[in-house]
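Take a look at the letters that make up each chain.
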Protein chains: 6
Amino acid sequence: MVAGMPDLVTLGEIMLRLTTPGQQRFVQAPHFEVTPGGAEANVAVLIAQLGGSAEFVTRVPAHDLGQRAVDELRRYGVGTRQILRGGERMGLYFLEQGASQRPGRVIYDRAGSAFSEAKPGDFDWEKIFAGARWFHWSGITPGVSESAAALTAEACVAAKALGLTVSFDLNYRAKLWSRERAGEVLAPLMAHVDLCVTSAEEAQGVFGLPVPESGPERERVAAEALRERFGFGRVALTMRRGEVADRTEWGAMLLSGGQAHFSPRHEITIVDRVGAGDAFTGALIFALLRGDAPQTAVHFAVAASTLQHTISGDFPLFTLEEVEALVRGGSGGRVAR
Amino acid sequence: MVAGMPDLVTLGEIMLRLTTPGQQRFVQAPHFEVTPGGAEANVAVLIAQLGGSAEFVTRVPAHDLGQRAVDELRRYGVGTRQILRGGERMGLYFLEQGASQRPGRVIYDRAGSAFSEAKPGDFDWEKIFAGARWFHWSGITPGVSESAAALTAEACVAAKALGLTVSFDLNYRAKLWSRERAGEVLAPLMAHVDLCVTSAEEAQGVFGLPVPESGPERERVAAEALRERFGFGRVALTMRRGEVADRTEWGAMLLSGGQAHFSPRHEITIVDRVGAGDAFTGALIFALLRGDAPQTAVHFAVAASTLQHTISGDFPLFTLEEVEALVRGGSGGRVAR
Amino acid sequence: MVAGMPDLVTLGEIMLRLTTPGQQRFVQAPHFEVTPGGAEANVAVLIAQLGGSAEFVTRVPAHDLGQRAVDELRRYGVGTRQILRGGERMGLYFLEQGASQRPGRVIYDRAGSAFSEAKPGDFDWEKIFAGARWFHWSGITPGVSESAAALTAEACVAAKALGLTVSFDLNYRAKLWSRERAGEVLAPLMAHVDLCVTSAEEAQGVFGLPVPESGPERERVAAEALRERFGFGRVALTMRRGEVADRTEWGAMLLSGGQAHFSPRHEITIVDRVGAGDAFTGALIFALLRGDAPQTAVHFAVAASTLQHTISGDFPLFTLEEVEALVRGGSGGRVAR
Amino acid sequence: MVAGMPDLVTLGEIMLRLTTPGQQRFVQAPHFEVTPGGAEANVAVLIAQLGGSAEFVTRVPAHDLGQRAVDELRRYGVGTRQILRGGERMGLYFLEQGASQRPGRVIYDRAGSAFSEAKPGDFDWEKIFAGARWFHWSGITPGVSESAAALTAEACVAAKALGLTVSFDLNYRAKLWSRERAGEVLAPLMAHVDLCVTSAEEAQGVFGLPVPESGPERERVAAEALRERFGFGRVALTMRRGEVADRTEWGAMLLSGGQAHFSPRHEITIVDRVGAGDAFTGALIFALLRGDAPQTAVHFAVAASTLQHTISGDFPLFTLEEVEALVRGGSGGRVAR
Amino acid sequence: MVAGMPDLVTLGEIMLRLTTPGQQRFVQAPHFEVTPGGAEANVAVLIAQLGGSAEFVTRVPAHDLGQRAVDELRRYGVGTRQILRGGERMGLYFLEQGASQRPGRVIYDRAGSAFSEAKPGDFDWEKIFAGARWFHWSGITPGVSESAAALTAEACVAAKALGLTVSFDLNYRAKLWSRERAGEVLAPLMAHVDLCVTSAEEAQGVFGLPVPESGPERERVAAEALRERFGFGRVALTMRRGEVADRTEWGAMLLSGGQAHFSPRHEITIVDRVGAGDAFTGALIFALLRGDAPQTAVHFAVAASTLQHTISGDFPLFTLEEVEALVRGGSGGRVAR
Amino acid sequence: MVAGMPDLVTLGEIMLRLTTPGQQRFVQAPHFEVTPGGAEANVAVLIAQLGGSAEFVTRVPAHDLGQRAVDELRRYGVGTRQILRGGERMGLYFLEQGASQRPGRVIYDRAGSAFSEAKPGDFDWEKIFAGARWFHWSGITPGVSESAAALTAEACVAAKALGLTVSFDLNYRAKLWSRERAGEVLAPLMAHVDLCVTSAEEAQGVFGLPVPESGPERERVAAEALRERFGFGRVALTMRRGEVADRTEWGAMLLSGGQAHFSPRHEITIVDRVGAGDAFTGALIFALLRGDAPQTAVHFAVAASTLQHTISGDFPLFTLEEVEALVRGGSGGRVAR
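What counts as what
Residues numbered from 1 in each chain as written. Chains lettered and ligands numbered in written order. Predicted model: local features only at pLDDT ≥ 70, side-chain atom pairs only at ≥ 80, totals over all residues. Heavy atoms only, no water. Phe/Tyr/Trp six-rings, centres within 6.5 Å; stacked < 30°, edge-to-face > 60°. Buried < 20%, exposed > 50% of the residue type's maximum accessible area, 1.4 Å probe, protein only. Helix = DSSP H or I, 4+ residues; strand = E, 2+ residues; numbered from the N terminus. Least-squares fit on C-alpha atoms with pLDDT ≥ 70 in both. Contact = heavy atoms within 4.5 Å. Buried area = accessible area lost by both parts, 1.4 Å probe. Salt bridge = Lys/Arg side-chain N within 4 Å of Asp/Glu carboxyl O. Polar contact = N/O pair within 3.5 Å; in protein donor to acceptor, adjacent residues only side chain to side chain. pLDDT = per-residue confidence, 0-100.

Draft legend 1. Seen up close, the packing of aromatic side chains. Within this structure, the stated rule accounts for 72 aromatic pairs over all chains. Ring geometry for F230 of chain E against F232 of chain E: centres 5.4 Å apart, planes inclined by 40 degrees, an arrangement best described as tilted. A single burial state applies to F230 of chain E and to F232 of chain E, both of which are buried. Each ring, one from Y93 of chain F and one from Y108 of chain F, has its centre 5.9 Å from the other, and the planes form 40 degrees; the classification is tilted. Within this pair, whereas Y93 of chain F is found in strand β7 (residues 91–96), its partner Y108 of chain F is found in strand β8 (residues 105–109), the two being separated by 15 residues in sequence. Taking relative accessible area as the criterion, Y108 of chain F reaches 17% and is therefore assigned buried.

Draft legend 2. Expanded view of unusual backbone geometry. All names here are of chain C. Notably, N171 is not glycine yet its phi reads approximately 45 degrees, a positive angle. Relative to the helices and strands, N171 is located in the loop between β10 (165–169) and α6 (179–186). By relative accessible area, which is 9% here, N171 ends up buried.

Draft legend 3. View of the relation of the copies chain C and chain A. By a simple turn and slide, chain C fits onto chain A: the slide is 0.0 Å along the axis, the RMSD is 0.0 Å, and the turn is 180 degrees. Here the transformation between the copies is reduced to the relation of a two-fold axis. No C-alpha of chain C approaches the rotation axis more nearly than that of F32 of chain C, which lies at 2.7 Å. Comparing contact sets, 100% of the residues at the interface of chain C also lie at the interface in chain A, consistent with an isologous, same-surface contact.

Draft legend 4. Structural view of the relation of the copies chain A and chain E. Once turned by 120 degrees and shifted 0.0 Å along the axis, chain A lies on chain E with an RMSD of 0.0 Å. Here the symmetry operator amounts to a three-fold rotation axis. The rotation axis passes nearest to the C-alpha of G22 of chain A in chain A, at a distance of 5.1 Å.

Draft legend 5. Looking closely at the interface of chain C and chain A. Contact with chain C, which involves 23 residues of that partner, is made by 23 residues of chain A. The contact between chain C and chain A buries some 2,000 Å² in all, and 62% of this surface belongs to carbon and sulfur atoms. At the junction of chain C and chain A, the tally comes to four salt bridges. Among the ionic pairs, R105 of chain A bridges to D64 of chain C, the shortest N-O distance being 3.5 Å.

Draft legend 6. Quick look at the interface of chain A and chain E. Every contact between the two is made by 23 residues of chain A and, on the other side, 26 residues of chain E. Here chain A and chain E share an interface that buries about 2,200 Å² over both sides, 50% of which is from carbon and sulfur atoms. The largest contributions to the chain A side of the interface with chain E come from R334, V335 and R337 of chain A, which together make up 33% of the buried area. The interface formed by chain A and chain E contains three salt bridges. Counting across the interface, chain A meets chain E through twelve residue pairs in polar contact (both at pLDDT 80 or more).

Draft legend 7. Layout of the confidence of the model for chain A. Within chain A, residue pLDDT values average 96, and 98% of them lie at 70 or more. Complex prediction metrics read pTM 0.97 and ipTM 0.95.

Following this line, the structure appears as structure tokens:
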């Protein structure tokens, strides 16, 4: 990875996340913990934490809460030189962790945010992409506003023109837009995408692809359908199974070169669900950037996202060594001392 | 439910609960979290949180800790206009949460409390019950003191005279009185009770009813025996099974119209055990008040109490929508976003 | 004060206030404390805490943060039956307390709030004002949006038609609107106002009244000018003097019946500045409602607001006895025991 | 000071103190901080912290909260071997710190405590006092209950019989008993007292001694009157002056050998008032035990209690070196580094 | 157990443990919780908590952090009269709790600590061991430094000469020394040991004993090999099985009189792993000191260490009654009330 | 200021600071707050916070606590690319804030730190200083170890050779070395220094310069003596006066071009003393870098350090706008809203 040049550029909204402590409810918590988060920012942090270089492109207001977001990105090694200042408000989201049969809850409060007002022409993509190898965005970015959707398209075109690999994580959010609207906006953007990360359920819901309800072939069929419809070079599908808020089974499949590569599955006791999918995507990008074979890459990415289920906050705060130790087989849960 | 008139009136003691944070022990915690609680107050809060109206009748001292208890009830929508001020001290209880093989522990400190000194004649029941449909109390209320037992009897007589449905939750507390003494005091009060909530174990221990030690017929036999002995219109029995502090299996049975209706059973990872039984009772009352069929009602009540196992504090802080979502089948534990 | 009927009705926005703990800065605090606040809500809480009855009229979103605001009002005894549910977001404000030469800072985040979308016709004023004696609003309410300004006018007209006393606290916020715009919007509303609360500085800045820069006659001149221009029955002006964030000198003057009544002045070490002015206004209304003479009323109001400088949070959490003890002369600072 | 033998024995009640954090009020604090405290326990801790040996005699319940109190005493070096286990409840007190014009508030909750039930015959004074040089108690101890008053008398008689010096700190608590009742109970016990610590105000209020309202002779006159009435060998009077909760002027006078010795006065910004008087008394005893001259002793004792005003909690947590550094003249407030 | 004389003496280093709260990572936690810990100190606390008497021998710096360590030992009833003051720094260790597939992590910071400089001749063993019955140390003590190893040998020789039973817990720490170095230093000390506590894995790794990789005979073979090689009177081996940070299966075997005694096994949800092995060792010593039969002793010791897995902090904070309740069969996880 | 090139390079040790919360003592605090700090790092953060660019040169261990320090620097915009990884431990310091007559206390724990082992040859100064304009160090850096002193000399020589301005802040620490030793080590390094920041008291104590004990000429005489002895281009002396821990009077003088320029003096209520001197030095450098006249520069620097007295933590977290607002005259302490 070349010094001073980002391996990865991502575009999206970074929000302040306001989380009730422990398992407290919104109506009872005396304080909210403040951490940063956002699907693309999380991917950028993962690349930086593992030792790569990443630049995050966004727009934040020129006040202390905007600065807080920039500071948190810098803290974990993400490049912030391309971030614009302007607008009135930070995107916020409020999170209440679930427990057992009670699911976690999110209240988004991002309408009218500084990023939602970003528009084509605000960023100098030629400069931003100079020397970069990969551009990543998620379905949330164009979902934030019409101008953000146009901005996403602009960035995709520029990235492809400059020879970057483009990855896309569908990240459908029902509180942001309907499945139909998401499908309409996203479909035309798929032409610019090399790697698509999603789930069988999302592929069916947003793009209307015919996918079996269940069964061992579900992911393979969905991935093939995505590839066929949109011509993706690679498709990665995550697989989650669980009934309660604090336990999940987690794995993934990477379709690459016409081959489906399945990761092992982990039974996870969850500390914090949010950001686990982004950690998968980020780690997959990291693995592909460094040239891992598909099987190695998907194994690595699932290990990283397994760790992320145990981290408080959106940001993936673990090291390359920790991911690789889990790939190798773990510690039997003991404290290393 | 009629505006300005309570659906439900409950009588009992509200305490301040002082809980060590996390899993800390009494001897080590630097602070105790302060929340309100009490079996009947918890039932009143549940009715109010689900959208009904409830009035809580008690006596608290005329100082800021008494006011704190009133404030907490108001906060969650319970009527407090009938609460008397007087006496010297709030009932308190200290709680240390358990973990795995270590059970939770309670130290009661309620002797001499303002409520324990309440006595017949203190409350104007005709005014309190005006327009109300249901009166609820638990076995703790008469267990607090002799005058509280007399007060409970007075309230029961008045409630029946005014045509209210009366429910009773046995709630045996070994730290309050012996099984024998509880049986002696409670038995004569049973004549006023329409709905009795208890467990097979309590029915046997307190009323000396013959109940099989285990087996599929245990609850049915216990419920029939209770009905036979006391003439209850309905009997609800909760069923708990578990070996450790943080996991339980939980379900219930409602005997109504000679039929035993069993709920589904939930495997629960527990955040806070206290108040889960009260949530069952409150939700059962709520369901019966709105006219649910027995099977629907017991299913609903078990869903509510399952949620309550995941809530910090005695008070049942969830909404009707959340209970109904769990009745419908849950979210797979995912964060709704 | 008549049971079941509010002495006071207020109209305004209640916000969630997110405060950094201690003297921490926005960029460093790991969590924000969550408390409710808003100029008119603070007045309503004061009336309720002192033993009066108050109804707060607003609009909050139908989600848990909106419910949180309602719960906090109920907790401290304010009537919430007239609150509408709708819209998408709660008004928020972020607060960083100052210290010594570093002033406190506020970041407002209330654009697009549920209340800012409230409009004439949303509320049934005849029903709301039935039995009430006093209507209070502040300059923030019409400053929130054009529809809120129209709503304020509607409420004023209704209140006067129904014979209520109307009070107004100027509460100029530079982050909300310019002095000029505030003057334009507020001036026509002044015809409905009986009691105006402001400061000499605001009177000059917003209404362009000629007021001496300093000197013993400053407040008297300003009050007379206000009365002359707008025909107010009473004018109250607060007087603050200080150079640092944690100390202030504080007093007030009430012009009533052509007489200027000055309060004693207090040298205060400040815990939390926000809400102190609202406490003055609320306590003045309380005193006038119960028929205090002007001199007594202004003394009482300044004592209450002095106490409020020592309370964490916007809400005035103290009792009538505490205010009266301070009026009588205080405790020498000793712990009562 | 002889190893294994206490220099000082004290008798009294240790309570758990439940304090709202920061300047929060009882009605708003989400948690209460848990620390131990009690006038005589505070004196014992001071002796132990400065390097002496002290034994604390009391009775606590045989549960974890009683153990907590014993643990806290052990932690700071106080002997606990003579503490009895029994009874049902710990004495508690709730504390809300004041600020500026708002005084701190205490809610006592000690009725029916384990110690209030202690009675003559419970303790083996001969064994307890073996090798000890000094016995200390305060006016709170006999004020707790009639049996505690009888126990105090028993201990005084035994102490004098065994040749110990006996000190007494009046510590009048209006929430415990009336001035008249205190005077009646305490007066006969004064015959056993060698050193009396009080204030001019208490001397007048409780014993009805004629003391000037103010003026430079107030303390001297009060001390002489006390000596004359009760025949004390030494009388120490503390002098506090202040108008607000967080500032005080603080000094003392020691009448010894017919001479009045005045300490310097300190202007103190207060962290926590509670325990400051006990620190004075404890430090005075410490100084006299080691043979300080009266002037040195009163200077030392005022320095110690000045430090105690800056310590969170009742217990005097500072070292001999720190007291002596303040006696020598302080550090100019700088951090030693 | 004889009053004033310790049942048990232990020698080792007590450290301050700085733990991130909850599951937070070192790079994100705003504060670290401060608790004491150390293998031998933990054993001493266990003996004292269960009602025995224990003396802890170490060296701490003469500053407040050293005093903090002494205070924490005193708090929980451990004798501290033999602790030396000197040196510059406290041993520290930083702990980050694991979760699910993420193992806990420790950063030791004990080089150059006050204890690491302790050396033969610093302690008067004859005085220290006077009246004592048992001397315990772990493999960490000689691993800290060369002088500490020599000091350990000196203490062992003295203890045997004075007729004490000597126990040893291998406690291999890879971050302290290599397996080879540990074996070299420890082997000659084994001649003084009566009871050896370790695991099959450690026996093989450190002493190079031939032990089967798995299977039912693994522990028996390892214990026999240890006895044969070193002539131990008793050998106890703990057995842990698990794949994740928050769950473990836990049991033990005691070889005594040629017989292998196996405890039941517990499936544990873990609050804090650190100190669980020390609790086993301490409870085994306690049981043997009071004369339990081997089967009873190992059952008791595993129950105690099962409880310790649920306690925050190194120190074993539970009572004899709690251990015995778990031995008898537990509470079904219910709150006792 | 040139993009990508640091205005300022500093060399020194960054430590983790472990602070008791509020005014708690080391022996009582349940947790320690974790923040970064160090005289030179604080200067670098100030430059970056005000909008300049700064590079911090140090050596930290290759573990998570080392990474934490790097992260905190990055967070606030300081360049960290030149930081070496190696060694075993982070420098630590423990801080207890003072209050009133109780001074704050520091326990240093930096012996054997990663930085103390740094030595000449470890850093490529030519690369590090490329494009930079200013090199800053303080007397702590050479005081840490002999190799650090040699490294400091190496850096000074390189800086001067490359044409950088060199500033030096004496920062004498009695816990690090004696005055005599400091004088011996520092004196030869003064030849490389252009701007010397210290106090009259330090100048006298460390360099033995003849300085009047007090009086208006004290600083002027001291500064002239420093200039004469060492040939500094500029000398800045800070002036602190105060008797208690939480209040200070604060000002400074800058001798430049033979003229003494005095700042205004501020009466400050202190939140946190540590780092205030570094903020003065950093702000003075910032002002001189941008070409401020001496009088402007010293006024600006004192305003910045006044603000820093109100900030929790070593790092100067405020903006250029805030400093300039204070220079202009402040806000009267009001919240801007």
